[in-house]
Amino acid sequence: MLTKQYNINHLRELESESIFVIREVAAQFENPALLFSGGKDSIVLVHLSRKAFFPAKIPFPLLHIDTGHNFPETLIYRDNMVNTIGAKLIVRYVQDSINNGRVIEEKGFNASRNKLQTITLLDALEELKIDAAIGGGRRDEEKARAKERFFSHRDEFGQWDPKNQRPELWNIFNGKKHKGEHFRVFPISNWTEMDIWQYIMLENIQMPSLYFSHERKVFLREGMMLAASDFLPLKPTENAEKRTIRFRTIGDMTCTGAIESHANSLEEIILEVAASRVTERGSRADDKRSEAAMEDRKKEGYF
């Protein structure tokens, strides 16, 4: 799959660009952090950050906003990875935001904590005085993501204005800000899902088992295949059954859809992605709540 030199050159160019952006963050900001979800994009970001500062350790912490509805496999992978590379991990919990009255938990069959992450994240950034939050957003995954710059300014309320962004000519990034403001930084903005998987194979990056074919109890709801769990009560008309599935994206269990798949290797995943006519965000229930669901959440301060 990666024997053609032009494919490898393309990936190395993307790698070089991303490492440059990550080093710019370290140079321009006093207290950055890398937002880690346990998904493939944030895993690649950690790998790129290690390369950017090798042989030193990553000079900023990983920040994980835990909804309390994570896949157990994600948390196991996160903890093993952090121990292996010696990174600093900071975790903040949506449950604490609920307990403290900062957010109100949704009720009903379609209740999700995914949107509630916004307040927990903003509170964490303020508490920890984070002035740059590095994230794994890619411009191909969702149309609102395509409006972002590499350095994406947020005001003192953590909000984003897509109509008021700074130009980035010749890879010159302007990280100037007023007190209380911060930046979201997206080093892999120019990568696609295919680039991510080909790079994972090129670099032999270990991935969570959720991305590979496995048997799991799932049920169908509004055209989506969701994992059966204690967090999602079944409607009287729904039945959970075992199927051979995998996940293209990893997030909150209540809104992350699976796909039927027998892809057991990186090569098979790459072939499957190449043949797919549905974007990976097409398997996220939270993006289907409205046409502008993601953009509305980003304006409010969501990652």
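A brief structural summary.

How each quantity is defined
- Residues numbered from 1 in each chain as written.
- Predicted model: local features only at pLDDT ≥ 70, side-chain atom pairs only at ≥ 80, totals over all residues.
- Heavy atoms only, no water.
- Pairing = 2+ DSSP bridges.
- Helix = DSSP H or I, 4+ residues; strand = E, 2+ residues; numbered from the N terminus.
- Axes fitted to C-alpha atoms, helices over the stretch in contact; angles between N-to-C directions.
- Expected span 1.5 Å × (residues − 1).
- Buried < 20%, exposed > 50% of the residue type's maximum accessible area, 1.4 Å probe, protein only.
- Core = buried A, V, L, I, M, F, W, Y, C linked by side-chain atoms within 4.5 Å.
- Contact = heavy atoms within 4.5 Å.
- Salt bridge = Lys/Arg side-chain N within 4 Å of Asp/Glu carboxyl O.
- Parallel < 35°, antiparallel > 145°, perpendicular 65-115°, else oblique.
- Left-handed = near helix turned anticlockwise from the far one by under 90°.
- Nonpolar A, V, L, I, M, F, W, Y, C, P; charged D, E, K, R; others polar.
- Polar contact = N/O pair within 3.5 Å; in protein donor to acceptor, adjacent residues only side chain to side chain.
- Phe/Tyr/Trp six-rings, centres within 6.5 Å; stacked < 30°, edge-to-face > 60°.

Moving on, we come to the sheet that holds strand β7 (residues 214-221). Backbone-to-backbone hydrogen bonds join strands into a sheet, with any given pair of strands oriented parallel or antiparallel. In space, the four strands of this closed barrel follow the order β7-β8-β10-β9, with antiparallel pairing throughout. Put simply, the sheet's adjacent strands are angled 70° from each other on average, direction ignored. Bridge count between strand β9 (residues 241-246) and strand β10 (residues 257-260): two bridges; the pairing is antiparallel. Of the residues in β10, the one forming a bridge with I245 is E260.

All right, on to helix α2 (residues 40-53) then. Side chains that are three or four residues apart share a direction in an α-helix, a result of its 3.6 residues per turn. For α2, with 14 residues, the first-to-last C-alpha span of 20 Å sits near the 20 Å given by 1.5 Å per residue. Counted residue by residue, α2 has 12 buried out of 14 residues, so it is predominantly covered. For α2, the complete set of buried residues consists of K40, D41, S42, I43, V44, L45, V46, H47, L48, S49, A52 and F53.

Grouped together as the largest cluster of nonpolar side chains are 58 residues, with contacts concentrated most on F151 and W197. Contributing elements (two or more residues each) for this core: α1 (5-28), α2, α3 (72-85), β4 (132-134), β6 (182-185), α6 (193-203), β8 (224-227) and α7 (266-275). Looking at which element gives the most residues to this core, the answer is α2, with seven residues. The contact partners of W197, leaving out residues within four places of it in the chain, are K40, M207, Y211, L266, I269, I270 and V273.

Here we take up the pairing of β6. Every second residue of β6 is oriented toward a common face, with H182 and R184 on one face and F183 and V185 on the other, all of them buried. Note: β4 against β6, three bridges, orientation parallel. Across the sheet, residue A132 finds its bridge partner in β6, namely F183. Sheet analysis places strand β5 (residues 151-154) next to β6, joined by four bridges and oriented antiparallel. What sits directly across from F151, in β6, is V185.

Applying the stated rule across the entire model yields 16 salt bridges. The salt bridge partner of R12 is E203, with a shortest N-O separation of 2.9 Å. Placement of R12 in helix α1 and of E203 in helix α6 is noted, with a sequence separation of 191 residues between them. The class for R12 is partly exposed, based on a relative accessible area of 30%. Accessibility expressed as a relative area gives 17% for E203, which makes it buried. Note that E272 and R246 form a salt bridge whose closest N and O atoms lie 2.7 Å from each other. With E272 in helix α7 and R246 in strand β9, this residue pair connects regions lying 26 residues apart in the sequence.

As a packed pair, α6 and α7 sit with axes 10 Å apart at the nearest point and diverge in direction by 170°. The orientation of α6 relative to α7 falls into the category roughly antiparallel. The interaxial crossing formed by α6 with α7 has left-handed handedness. Together, E193, M194, W197, Q198, I200 and M201 of α6 and L266, E267, I269, I270, V273 and A274 of α7 make up the contact between the two elements. For the contact of α6 with α7, the class distribution of residues is nine nonpolar, one polar and two charged.

One open sheet accounts for six strands, arranged β3-β2-β1-β4-β6-β5; its pairing is mixed. The outermost strands of the open sheet, each flanked by one partner alone, are β3 (89-93) and β5. With direction set aside, neighbouring strand axes in the sheet form an average angle of 30°. The pairing of strand β1 (residues 32-35) with strand β2 (residues 62-66) spans two bridges and is parallel. Across the sheet, L35 pairs through a bridge with L63, a residue of β2. Those strands touched by α2 are β1, β2 and β4, and its axis lies near 140° from that of β1. Each of β1, β2, β3, β4 and β6 touches helix α5 (residues 117-128); the most contacted strand, β2, lies at about 145° to it.

Once that is clear, we can look at the side chain of R78. Topologically, R78 is positioned in helix α3. Engagement of the side chain of R78 in a polar contact is seen with the side chain of H64, the distance being 2.7 Å. Excluding residues that lie within four positions of it along the chain, R78 makes contacts with F36, H64, D66, L89 and V91.

Let's shift gears to the packing of aromatic side chains. Overall, the coordinates contain seven aromatic pairs when judged by the stated rule. Pairwise contacts between aromatic rings join F29, F151 and F183 into one cluster.

Remember, this is a structural readout, not a statement about activity or role.
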